[in-house]
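Commentary on secondary and tertiary structure
One-letter residues, chain by chain:
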Amino acid sequence: MHCVRKVTDDLYWVGANDKRLHLFESIHPIEDGVSYNSYLLMDEKTVLFDTADWSVGRQFCENVEYVLNGKPLDIMVINHLEPDHAASINEIILRYPDVKVVSTEKAWLLMNQFNFGVEEENFIMVKEGDTMKFGKHEVTFVAAPMVHWPEAMVTFDLTNGVLFSADAFGSFKSLDGALFADEVDFKDEWIDEARRYYTNIVGKYGPQVMALLKKASAIDIKMLCPLHGPVWRKDIPWLLDKYIHWATYTPEEKGVMIVYASMYGNTMNAAQILAAKLHEKGFHNVHMYDVAETHVSYLIGQAFKLSHIAILSVTYNLNVFPPMQNFIDDMKRLNMQKRVVGVVENGSWAPQAGTLICEELDEMKQMTVLNEQVSLLSAVNKMTADELDGLADSIIESMKQDY
Ligand SMILES: Cc1cc2nc3c(=O)[nH]c(=O)nc-3n(C[C@H](O)[C@H](O)[C@H](O)COP(=O)(O)O)c2cc1C
């Protein structure tokens, strides 16, 4: 049975939710599922904006058929060719063989590579600034390279201010009947998953996102229709502000994320002592993570949010503990920058982790490593407890800077 929502008088959400997928892109856990959004405009011409992942293909096709109500599908605009949005192109073409597919030159190459079954005579290539009229609605196409694949574009409806924003402004979590961000408690219940989605999926491409935001600031956006998560019709400046922070690697808050790696509990003890000292000294925005217990995508989300990171790691076969190394590698891969970092190492015979972590941080942009580094020998003692106290002071002192 169809399950659709009306976005505007003549625009429908025809997407679907996946609550069974365990790992998005085979890497990021999505305990709360994900939605694959697709939108169908019923103008003089009928226009489908993107398709959906094949896992929800049956529901998606039923939704399209219901809204079309016997009309042919004239146009399919493909803003983003990644298969979680484009895998059903082939099925749509089989059902509506006369449909014209509209997308970028790079998308044309990719849809051929993926064997999505688009014939050349049915493909209309568009570029930045091109416009297309469907009847009442006229749209313009805006290139959005690397947000988050090279072929991506967004489509702006000049008639009613709807921006079909592809992967930009998306979020993990299934919609479960809600459609608009103002129908859920986004600021409380969704923001962490929206940040985790952005930072892990698009986080590397901050400059490209800023380029898109610059273009977006020149148009009067009334509604954002992303390919995952809710549609925005209120509070759009609030979301744009979050995006500016993430895309420029600017912390949202002064806060400390304490990440530790510990096999026998002593480094964890140091992390607890550090956290206790921060609270004792009056600083309370402190969040603690066992690196081996927390999926790195959650760590990345928090690292983008907070101004300070305290890294405490055991030495492991003369290296950094592997899950901690993975976290640091991931931050590097995603271009993480502009954070203040405290480093604590542990080793029982040849502590090495601290030096190696500092070398990694040195290769990243604008990472300030606090001088008060602590080197533990197996367990915290009186001297290193005092050093942890000094590190807590140093973290609090560095909070006085502007972010
Ligand atoms: C497999 C393994 C490899 C280790 N390699 C080193 C090492 O190369 N250098 C070192 O000083 N300690 C090494 N250690 C000791 C750890 O760093 C030790 O667990 C730590 O000093 C105690 O902290 P923890 O209680 O937080 O685990 C190793 C421990 C294990 C289990």
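On a predicted model such as this, the values are computed, not experimentally measured, just so you know.

What to know about the domain arrangement of the protein chain
According to the domain assignment, the protein chain consists of domain 1 (5-247) and domain 2 (257-395). With centres defined by C-alpha atoms, the gap from domain 1 to domain 2 works out at 38 Å. In this assembly, 13 residues from domain 1 lie in contact with eleven residues from domain 2. Summed over both sides, the interface of domain 1 with domain 2 buries roughly 1100 Å², with 54% coming from carbon and sulfur. When residues of domain 1 are sorted by the area they lose upon contact with domain 2, Arg195, Asn200 and Lys204 head the list and together hold 40% of the total. For the interface between domain 1 and domain 2, the tally reads six residue pairs in polar contact (both at pLDDT 80 or more). Put simply, the parts of the chain that give the side of domain 1 that touches domain 2 at least two residues each are β5 (28-29) and α5 (186-201). For the side of domain 1 that touches domain 2, the element with the highest residue contribution is α5, accounting for six residues. Class assignment for the residues of the side of domain 1 that touches domain 2 results in three nonpolar, four polar and six charged.

Points about the pairing of strand β7 (residues 39-42)
In the case of a regular strand, side chains alternate between the two sheet surfaces. Burial of β7 is two-sided: the residues Tyr39 and Leu41 facing one way and the residues Leu40 and Met42 facing the other way are all buried. The pairing of strand β2 (residues 11-13) with β7 spans three bridges and is classified as antiparallel. Its bridge partner lying in β7, Tyr12 is registered against Leu40. Two successive antiparallel strands, β7 and strand β8 (residues 46-49), enclose a turn made up of three residues.

Remarks on the site of the ligand
Taken together, 18 residues surround the ligand, and among them Ser262, Asn266, Thr267, Leu318 and Ala350 come closest. Note that an oxygen atom of the ligand is positioned 2.8 Å from one of the backbone N or O atoms of Tyr264. A distance of 2.9 Å separates an oxygen atom of the ligand from a polar atom in the side chain of Asn346. Within the complex, 88% of the 620 Å² of free accessible area of the ligand lies under protein. Looking at the shell around the ligand, the elements with two or more residues in it are α8 (266-280), β19 (306-316) and β21 (340-347). Tallying contributions element by element places β19 first for the shell around the ligand, with three residues. For the shell around the ligand, the per-class residue count stands at eight nonpolar, ten polar and no charged.

What about a nonpolar patch on the surface?
The grouping of Met263, Tyr264 and Tyr316 at the surface amounts to a nonpolar patch, some 370 Å² of accessible area in total. By the secondary structure assignment, Tyr316 is in strand β19. Classification of Tyr316 by relative accessible area gives partly exposed; the value is 33%.

Quick look at the pattern of salt bridges
If you walk through the whole model with that rule in mind, you get 25 salt bridges. Its salt-bridge partner being Arg195, residue Glu252 comes within 2.7 Å of it at the nearest N-O pair. Of this pair, Glu252 sits in the loop between α7 (236-247) and β17 (253-261) while Arg195 sits in helix α5, placing them 57 residues apart in sequence. Each member of the pair, Glu252 as well as Arg195, carries the same accessibility label: buried. A cluster of three or more residues bridged by salt bridges with shared partners is formed by Asp192, Arg195, Lys242 and Glu252.

Focus on helix α12 (residues 382-398)
Counting along an α-helix, one turn takes 3.6 residues, and residues three or four places apart therefore face a common direction. In this model, α12 (17 residues) spans 25 Å end to end at C-alpha, consistent with the 24 Å of a helix rising 1.5 Å per residue. All of the buried residues along α12 are Thr384, Leu388, Leu391, Ala392, Ser394, Ile395 and Ser398. Summarising the axial view, the buried residues of α12 lie within an arc of 165°, below the 170-degree limit, and thus occupy one face. In α12, the exposed positions that point more than 90 degrees away from the buried face belong to Lys382 and Met383. Contacts made by the buried residues of α12 are with β17, α8, β19, β21 and β23 (374-377).

Criteria and cut-off values
Residues numbered from 1 in each chain as written. Predicted model: local features only at pLDDT ≥ 70, side-chain atom pairs only at ≥ 80, totals over all residues. Heavy atoms only, no water. Domains from an automatic or database assignment. Contact = heavy atoms within 4.5 Å. Buried area = accessible area lost by both parts, 1.4 Å probe. Polar contact = N/O pair within 3.5 Å; in protein donor to acceptor, adjacent residues only side chain to side chain. Helix = DSSP H or I, 4+ residues; strand = E, 2+ residues; numbered from the N terminus. Nonpolar A, V, L, I, M, F, W, Y, C, P; charged D, E, K, R; others polar. Buried < 20%, exposed > 50% of the residue type's maximum accessible area, 1.4 Å probe, protein only. Pairing = 2+ DSSP bridges. Near = heavy atom within 4 Å. Areas by Shrake-Rupley, 256 points an atom, 1.4 Å probe, with all protein chains shown as cover. Patch = residues over 30% accessible without salt bridge, like charges linked within 9 Å, V, L, I, M, F, W, Y side chains within 5 Å. Salt bridge = Lys/Arg side-chain N within 4 Å of Asp/Glu carboxyl O. Expected span 1.5 Å × (residues − 1). Arc of directions from axis to C-beta.

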